Amino acid sequence: MLTLHAFASPNSIKAVIALEELGLPYRLQAVNLRQGEQKAPDFLALNPNGKVPVLQDGAFVLTESAAILVHLAEQDPDARLLARHGEARARAFEWLFFHASALGPAFGNAGYFQKLAPEPNPAAVERFLGEARRTLGLLEQRLGQAPYLAGDDYSIADIAHFGWLWRRAFAGVDLEATPRLARWYERIEARPAVQRALAAVNSLVPT
């Protein structure tokens, strides 16, 4: 059985959604980020970068949420989350890489400088909050061209973006100015597999 080391974080939820969508058996192993468990020696032995999620299948260990999404999707004989070839596959990778290089870093840094930085840095807040809002505008534009980011079908590109949009309050952004994106978010959030994933990761947070 697969083991996913995770927490209720925007990157962890991506992997859990993919596992639920594909119906794969897995076990969740909580890594409490609030208590710094991602820096513990046993976890660093799995991922020296000290971040979740980490997928473990026996001796095989894979880190980085985007890589985990691709790996899981490519194991599926029905290609439900990633087209085997053609434009839909290329678009899925295009938007997956956009998430990894643009939206994810913008959201993470916007949240850090607004809420966690030891000293105020208005220039950094302006820079990253502006980037976060800009990336939302690009998603809004794309969803005016197709129902999902890769085209006609739901894919790992949608799952990747859902993770940070689920935690958008951390970055200090909302979806009021992006109605198409708001509707897309609601459709994905309503999926049964996504609901199961949300319940699973939320259960990792100590009460």
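This text goes with the structure placed above it.
Since we're looking at a predicted model, the values are computed, not measured.

## Focus on the environment of G163
Point 1. Following the sequence through the fold, G163 ends up in helix α6 (residues 156-166).
Point 2. With relative accessibility at 0%, the residue G163 sits in the buried group.

## Observations concerning the nonpolar core
Point 1. By size, the foremost hydrophobic cluster in this structure holds 64 residues, and its most contacted members are F107, F162, L165 and W184.
Point 2. Put simply, the parts of the chain that give this core at least two residues each are β1 (2-6), α1 (10-22), α3 (65-74), α4 (86-116), α5 (122-142), α6, α8 (179-189) and α9 (192-202).
Point 3. Counting residues per element, this core draws most heavily on α4, at ten residues.
Point 4. Excluding anything up to four places from it in sequence, W184 contacts L143, P147, Y148, L149, D158, H161, F162 and L165.

## Description of the packing of aromatic side chains
Point 1. Applying the stated criterion to the full structure yields eight aromatic pairs.
Point 2. Measuring from ring centre to ring centre gives 5.1 Å for Y112 and F113, while their planes differ by 80°; the resulting arrangement is edge-to-face.
Point 3. On the accessibility criterion, Y112 (34% relative accessible area) is partly exposed.
Point 4. Since its relative accessible area comes to 23%, F113 is described here as partly exposed.
Point 5. Three or more aromatic residues link up through ring pairs in this structure, and these residues are F107, W164 and F170.
Point 6. The aromatic ring of Y154 is capped on one face by R191, whose charged end is 3.8 Å from the ring centroid.

## Comments concerning the sheet that holds β1
Note on sheets: strands pair through backbone hydrogen bonds, and any given pair is parallel or antiparallel.
Point 1. The four strands are arranged β2-β1-β3-β4 in an open sheet whose pairing can be described as mixed. Of all strands in the sheet, those with a lone pairing partner are β2 (26-30) and β4 (60-63), marking the two edges. Neighbour to neighbour, the strand axes of the sheet diverge by 20° on average, direction disregarded.
Point 2. The pairing of β1 with β2 spans five bridges and is parallel. Counted as the bridge partner of L4 is L28 from β2.

## Here we look at the pattern of salt bridges
Point 1. In this structure the tally under the stated criterion is nine salt bridges.
Point 2. Where R127 meets E131, a salt bridge forms, and the shortest distance between an N and an O atom there is 3.7 Å. Taken together, the residues R127 and E131, both in helix α5 and four residues apart, mark about one turn of the helix.
Point 3. R134 is paired through a salt bridge with E131; the nearest N and O atoms lie 2.8 Å apart. Taken together, the residues span about one helical turn, with R134 and E131 both in helix α5 at a distance of three residues.
Point 4. One salt-bridge network, in which partners are shared between bridges, spans E87, R91 and E94.

## Focus: the pairing of β4
Point 1. Where strand β3 (residues 54-57) and β4 come together, four bridges link them in antiparallel fashion. Note that in β4 the partner of Q56 across the bridge is V61.
Point 2. With antiparallel pairing between neighbouring strands as the criterion, β3 and β4 make up a hairpin whose turn holds two residues, including G58 at a positive phi of roughly 65°.

## Concerning the side chain of H5
Point 1. Considering the arrangement of structural elements, one finds H5 in strand β1.
Point 2. Given the relative accessible area of 9%, H5 is considered buried.
Point 3. Polar side-chain contacts of H5 include one of 2.9 Å to the side chain of Q56.
Point 4. Residues in contact with H5, not counting those within four places in the same chain, are Q29, V31, F43, L46, V52, P53, V54 and Q56.

## A short note on α6
Point 1. Of all eleven residues in α6, eleven are buried, a share of seventy percent or more.
Point 2. For α6, the full list of buried residues reads I156, A157, D158, I159, A160, H161, F162, G163, W164, L165 and W166.

## So, the pairing of β3
Each regular strand carries side chains that alternate between the two faces of the sheet.
Point 1. Pairing geometry for β1 and β3, over three bridges, is antiparallel. Opposite L4, over in β3, you have L55 as the bridge partner.

About the thresholds
- Numbers given to residues run from 1 along each chain, matching the order in which its sequence is written.
- The model is predicted, so local features are restricted to residues of pLDDT at least 70 and side-chain atom pairs to those at 80 or more, both for listing and for counting; the totals for chains, interfaces and linings are taken over all residues.
- Computation of side-chain values covers all heavy atoms of the structure but excludes hydrogens and water.
- Comment: elements are numbered from the N terminus, with helices defined as DSSP H or I runs of at least four residues and strands as E runs of at least two.
- The cut-offs for exposure are 20% and 50% of the maximum accessible area for each residue type, with area from a 1.4 Å probe on protein chains only; residues under the lower value are buried, those over the upper are exposed, and the others partly exposed.
- As used here, the term nonpolar core means buried Ala, Val, Leu, Ile, Met, Phe, Trp, Tyr and Cys residues forming a set that is joined through side-chain atoms within 4.5 Å.
- Here a residue-residue contact requires only that any non-hydrogen atoms of the pair lie within 4.5 Å.
- Side-chain rings of Phe, Tyr and Trp, where Trp is taken by its six-membered ring, are said to pair if the distance between their centres is within 6.5 Å; with planes under 30 degrees apart they count as stacked, over 60 as edge-to-face, and otherwise as tilted.
- To sit over a ring, a charge needs its Lys NZ or Arg CZ within 6 Å of the ring centre and within 35 degrees of the ring normal.
- One requirement defines pairing of two strands: DSSP has to find at least two bridges between them.
- For helices, the fitted axis covers only the stretch in contact; all axes are lines through C-alpha atoms, and the angles between them, taken along N-to-C directions, range from 0 to 180 degrees.
- Put simply, a salt bridge is a Lys or Arg side-chain nitrogen that is within 4 Å of an Asp or Glu carboxyl oxygen.
- We define a polar contact as two N or O atoms separated by no more than 3.5 Å, with the added condition that, inside protein, one atom must be a possible hydrogen donor and the other a possible acceptor, whereas residues neighbouring each other in sequence contribute only through side-chain atom pairs.

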